Amino acid sequence: MARAVSATHGDILAAAARQFAVTGYRGTSLQDIAREVGCSKATVLYHFANKEALLAELMAPAIAMLRDLDDQLADGTGTDSQEAAAVGFVDLAVRFRREIALLRGEFAELLCQPAFAHIQQISERLRDAMAGHSDRPAAQITAFVLLAGIPEACAEFADVPDDELRVALLTLVRRAITPVEATLQHLSTTEDKDS
């Protein structure tokens, strides 16, 4: 009996992932998931309190890795922090690109849900690390664009092998960060000369 319950639990998660991929989180009902599994909506609700709980379990491994990255970046500064944020976020996005693809276009709404509220604060700290803890607009804008674009690229290029995608993304991130850092250093030097 325990094996059947466990199998049903996994079947519901797999069906939810497929449904979210096709019709989006908002467009998927618990009844849609139940229909695909071949069970009742009550059975789905036996395993998961609601659709948010289903999504939370699907995303739990990615969120755990994001929290680990946040912990690693807590004491970082400058370019070391940028590099760690870049590598860590690219690794996370590539590893969980299928899960990220499920939520394309729905992140803003999902961040408002209680189960995902902490993600916003982690994202802000990650952006700050990616910006090298600089409050200059150029660094913050670059970090924002990278953090928004990396998951989109992972979802868009689902057929590109993980290693190839990772190298391409890290190359892009390093190119984007380096010019901002060099520009900021140049501006500081120029400001010092003008003083």
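Located above this text is the structure these notes cover.
Notes on the structure in this doc start here.

**Points about the overall build of the chain**
1) Next: Of regular secondary structure, the chain possesses 10 helices and 0 strands.
2) Next: Helices and strands appear in the chain in the N-to-C order α-α-α-α-α-α-α-α-α-α.
3) Next: Here the chain, with 195 residues, has 37% of them falling under the buried criterion.
4) Next: Counting only contacts in the chain whose residues sit at least 6 apart along the sequence, the fraction spanning at least 24 positions is 71%.
5) Next: Carbon and sulfur atoms make up 56% of the accessible area of the chain, which totals about 10,800 Å².

**A few points about the nonpolar core**
1) Next: One finds Leu 54, Met 130 and Ile 150 to be the most contacted residues of the largest nonpolar core, which totals 53 residues.
2) Next: Only helix H1 (2-27), helix H2 (30-37), helix H4 (51-73), helix H5 (78-95), helix H6 (97-102), helix H8 (117-130), helix H9 (137-156) and helix H10 (162-194) provide two or more residues apiece to this core.
3) Next: A total of 9 residues in this core trace back to one element, the largest contributor, which is H4.
4) Next: Sequence-distant contacts of Met 130, defined by excluding residues within four places in its chain, comprise Gln 82, Ala 85, Ala 86, Phe 89, Ala 143, Leu 146, Leu 147, Val 173 and Ile 177.

**Notes on the packing of H4 against H8**
1) Next: Remark: H4 packs on H8, axes separated minimally by 10 Å, with the N-to-C direction vectors making an angle of 45 degrees. If you check the angle between H4 and H8, you find them oblique. The way H4 lies across H8 gives a crossing that is left-handed. In this structure, H4 contributes Ile 63, Leu 66, Arg 67, Leu 69, Asp 70 and Leu 73 to the contact, and H8 contributes His 118, Ile 119, Ile 122, Arg 125, Leu 126 and Ala 129.

**Examining the environment of Thr 23**
1) Next: Assignment of secondary structure puts Thr 23 in helix H1.
2) Next: With relative accessibility at 40%, the residue Thr 23 sits in the partly exposed group.
3) Next: Counting along the chain gives 79 residues from Thr 23 to Leu 102, while the straight-line C-alpha distance between them is 9.0 Å.
4) Next: In terms of polar contacts, Thr 23 uses its side chain to reach the side chain of Thr 28, at 2.7 Å.

**A short note on the side chain of Lys 51**
1) Next: Note that Lys 51 resides in helix H4.
2) Next: Other than its neighbours up to four places away in sequence, Lys 51 contacts Phe 20, Tyr 25, Arg 26, Thr 28 and Leu 30.

**Describing the pattern of salt bridges**
Pairing is possible between side chains that carry opposite charge, provided their charged atoms lie close to one another.
1) Next: Summed over the entire model, instances satisfying the criterion amount to 6 salt bridges.
2) Next: Of the charged contacts in the structure, one is a salt bridge between Asp 70 and Arg 125, with a shortest N-O distance of 2.6 Å. With Asp 70 in helix H4 and Arg 125 in helix H8, this pair connects stretches of sequence that are 55 residues apart.
3) Next: Residue class for Asp 70 comes out buried when judged on its relative accessible area of 14%.
4) Next: In this structure Arg 125 comes out as partly exposed when scored by relative accessible area, which is 42%.
5) Next: The salt bridge involving Arg 174 is made with Glu 83; its shortest N-O contact spans 2.4 Å.

**Digging into the packing of H5 against H9**
1) Next: It is the contact of H5 with H9, at a shortest axis distance of 9 Å, that shows an interaxial angle of 30 degrees. The angle between H5 and H9 places the two elements in the roughly parallel class. Of the two possible hands of crossing, H5 and H9 adopt the one that is right-handed. Together, Phe 89, Val 90, Ala 93 and Val 94 of H5 and Leu 147, Ile 150, Pro 151 and Cys 154 of H9 make up the contact between the two elements.
2) Next: Within the contact of H5 with H9, the residues separate by chemical class into 8 nonpolar, no polar and no charged.

What counts as what
Residues numbered from 1 in each chain as written. Predicted model: local features only at pLDDT ≥ 70, side-chain atom pairs only at ≥ 80, totals over all residues. Heavy atoms only, no water. Helix = DSSP H or I, 4+ residues; strand = E, 2+ residues; numbered from the N terminus. Buried < 20%, exposed > 50% of the residue type's maximum accessible area, 1.4 Å probe, protein only. Contact = heavy atoms within 4.5 Å. Areas by Shrake-Rupley, 256 points an atom, 1.4 Å probe, with all protein chains shown as cover. Core = buried A, V, L, I, M, F, W, Y, C linked by side-chain atoms within 4.5 Å. Axes fitted to C-alpha atoms, helices over the stretch in contact; angles between N-to-C directions. Parallel < 35°, antiparallel > 145°, perpendicular 65-115°, else oblique. Left-handed = near helix turned anticlockwise from the far one by under 90°. Polar contact = N/O pair within 3.5 Å; in protein donor to acceptor, adjacent residues only side chain to side chain. Salt bridge = Lys/Arg side-chain N within 4 Å of Asp/Glu carboxyl O. Nonpolar A, V, L, I, M, F, W, Y, C, P; charged D, E, K, R; others polar.

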